[in-house]
Amino acid sequence: MWYVINGTDTEDSLERRLSVRAAHVARLQQLQDEGRLLLAGPYPAVDSNDPGPAGFTGSLIVAEFDSLEDAQTWAKADPYVAAGVFASVNIKPFRKVLP
């Protein structure tokens, strides 16, 4: 089943986010290589693809896992969690309808 993983950044998270971004993206690439990633990306803090020093307010991941527990376990091990980028992470089942 698909799951939405929605991480909300802490204040002033940009430096921490950038310091572990490569490890975070590597985990997403693994999901992609396994055919389990629908989409992923950050929420810019301002209306721009490159928010510069304004940074980001969080991230969205939609990926396939065997269970909610598996999605939670995967999310807890994310480098953004370990580095304190995310203040909170919310995970919900998702049913893809379109496209």
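Look a little higher up for the structure.
A brief report on the enclosed structure follows. (Residues numbered from 1 in each chain as written. Predicted model: local features only at pLDDT ≥ 70, side-chain atom pairs only at ≥ 80, totals over all residues. Heavy atoms only, no water.)

**Some remarks on the overall build of the protein**
If you tally the helices and strands in the protein, you get 3 helices and 4 strands. When the helices and strands of the protein are listed from N to C terminus, the series reads β-α-β-β-α-α-β. Against the 2.2 N^0.38 benchmark of 13 Å for 99 residues, the protein shows a C-alpha radius of gyration of 13 Å, consistent with a compact globule. Taken over the C-alpha atoms alone, the protein extends approximately 35 × 30 × 25 Å along its principal axes. (Helix = DSSP H or I, 4+ residues; strand = E, 2+ residues; numbered from the N terminus. Rg over C-alpha atoms; globule rule 2.2 N^0.38 Å.)

**Re the sheet that holds strand S3 (residues 56-64)**
Two orientations exist for strands paired in a sheet by backbone hydrogen bonds: parallel and antiparallel. Strands sit in the order S2-S3-S1-S4 across an open sheet of 4 strands; the sheet is antiparallel. What marks the edges here is a single partner per strand, and that holds for strand S2 (37-44) and strand S4 (86-94). Averaged over all pairs of adjacent strands, the angle between their axes in this sheet comes to 10°, without regard to strand direction. Here S2 runs beside S3; their pairing, made up of 7 bridges, is antiparallel. (Pairing = 2+ DSSP bridges. Axes fitted to C-alpha atoms, helices over the stretch in contact; angles between N-to-C directions.)

**As for a negative patch on the surface**
Residues Glu-64, Asp-66, Glu-69 and Asp-70 make up a contiguous surface patch of negative charge. With respect to the helices and strands, Asp-70 occurs in helix H2 (residues 68-76). (Patch = residues over 30% accessible without salt bridge, like charges linked within 9 Å, V, L, I, M, F, W, Y side chains within 5 Å. Areas by Shrake-Rupley, 256 points an atom, 1.4 Å probe, with all protein chains shown as cover. Salt bridge = Lys/Arg side-chain N within 4 Å of Asp/Glu carboxyl O. Lys, Arg positive; Asp, Glu negative; His and termini not counted. Charge placed at Lys NZ, Arg CZ, Asp CG, Glu CD.)

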